[in-house]
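Letter by letter, the chains look like this.
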Amino acid sequence: MIGILGGTFDPIHYGHLRPAQEVLRALDLDEIRFVPAANPPHRCAPVATAAQRRRMVELAVADIAGFIVDDREIGRGGLSYTVPTLESLRREFGAQPLCLLLGLDAFEGIETWYRWQRLPELVHIVVMTRPGWTRPVGGALPAWVRERIEREPQKLALTAAGNIYFQTVTSLDISATKIREALAAGRPVEGLMPSAVLEYLHDNRIYR
């Protein structure tokens, strides 16, 4: 199975990397493709350029087995809607199982996404939740979610798409916004991201 983790990555940090590593192991994924957005439609424009953010992701995943960079959204340009990206991946990988990794906040807003109804046709959705979180029961979830919940992760590999799985991951109190603010103020951010990314930020005076 292939995991897909999109984001602005402005900058990438351990709050992205550690949960992804946990999902990689828990679901026995072959790889996770990090997809930097060119122009995210649901948030302010990134501070770092697309080329800078792609390079930061490359540096962050270089030494992590199973992590690769997929820059198709940057290459496509325009607004980085998820569904066209997944359609492109589906054309490339055929019937291979694909898993879209989402944080709980993103999943709760999924019905605001462009053409969101297509998502179950293209991928399994893996929702990364914090420890102690319990899944709502009964009518608290939309019907299209309730009917697709899978409780056994190994079954995701049996079909190309269509299921929703909730995976607990370690919650790290790290945000890209706080990192940018700290760098702009000259405060230390060591330990929040791989050293290669931090060195790149310092060398290129990004966020200063």
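Heads up: these notes are all about the structure in this document. All values derive from a computational prediction rather than experimental measurement.

**Things to note about the sheet that holds strand 2 (residues 31-36)**
Phase 1 of the analysis: Strand order in the open sheet made by the six strands is 3-2-1-4-5-6, with parallel pairing throughout. Of all the strands in the sheet, just strand 3 (67-69) and strand 6 (164-168) have a single pairing partner and so form its edges. When the angles between neighbouring strand axes are averaged without regard to direction, this sheet yields 30°.
Phase 2 of the analysis: Relative to the sheet, helix 2 (residues 50-61) contacts strand 2 and strand 3, its axis offset from that of strand 3 by approximately 160°.

**Some points on helix 2**
Phase 1 of the analysis: For helix 2, built from 12 residues, the straight-helix expectation of 16 Å at 1.5 Å per residue is met to within 8% by its first-to-last C-alpha distance of 17 Å.
Phase 2 of the analysis: Of the positions making up helix 2, those classed as buried are Arg53, Met56, Val57, Ala60 and Val61. Buried residues in helix 2, looked at end-on, bunch into an arc of 115°, giving them a common side.
Phase 3 of the analysis: Residues of helix 2 that are buried sit in contact with helix 1 (14-26), strand 2, strand 3 and helix 9 (195-204).

**Some words on the pattern of salt bridges**
Phase 1 of the analysis: For the structure on display, the rule yields 12 salt bridges.
Phase 2 of the analysis: Here Glu22 and Arg18 are joined by a salt bridge, their closest N and O atoms 3.1 Å apart. A residue pair is termed a helical-turn pair when its members lie 3 or 4 positions apart in one helix, as Glu22 and Arg18 do in helix 1 at four residues.
Phase 3 of the analysis: The partly exposed category is assigned to Arg18, whose relative accessible area is 40%.
Phase 4 of the analysis: The partner of Arg55 in a salt bridge is Glu58, with the nearest N and O atoms 3.2 Å apart. Of this pair, Arg55 and Glu58 are both found in helix 2, three residues apart, which corresponds to roughly one turn of the helix.
Phase 5 of the analysis: A network of salt bridges, in which partner residues are shared, links Glu31, Arg33, Asp70, Arg72 and Glu92.

Criteria and cut-off values
Residues numbered from 1 in each chain as written. Predicted model: local features only at pLDDT ≥ 70, side-chain atom pairs only at ≥ 80, totals over all residues. Heavy atoms only, no water. Pairing = 2+ DSSP bridges. Helix = DSSP H or I, 4+ residues; strand = E, 2+ residues; numbered from the N terminus. Axes fitted to C-alpha atoms, helices over the stretch in contact; angles between N-to-C directions. Contact = heavy atoms within 4.5 Å. Expected span 1.5 Å × (residues − 1). Buried < 20%, exposed > 50% of the residue type's maximum accessible area, 1.4 Å probe, protein only. Arc of directions from axis to C-beta. Salt bridge = Lys/Arg side-chain N within 4 Å of Asp/Glu carboxyl O.

Keep in mind these values describe shape, not function.
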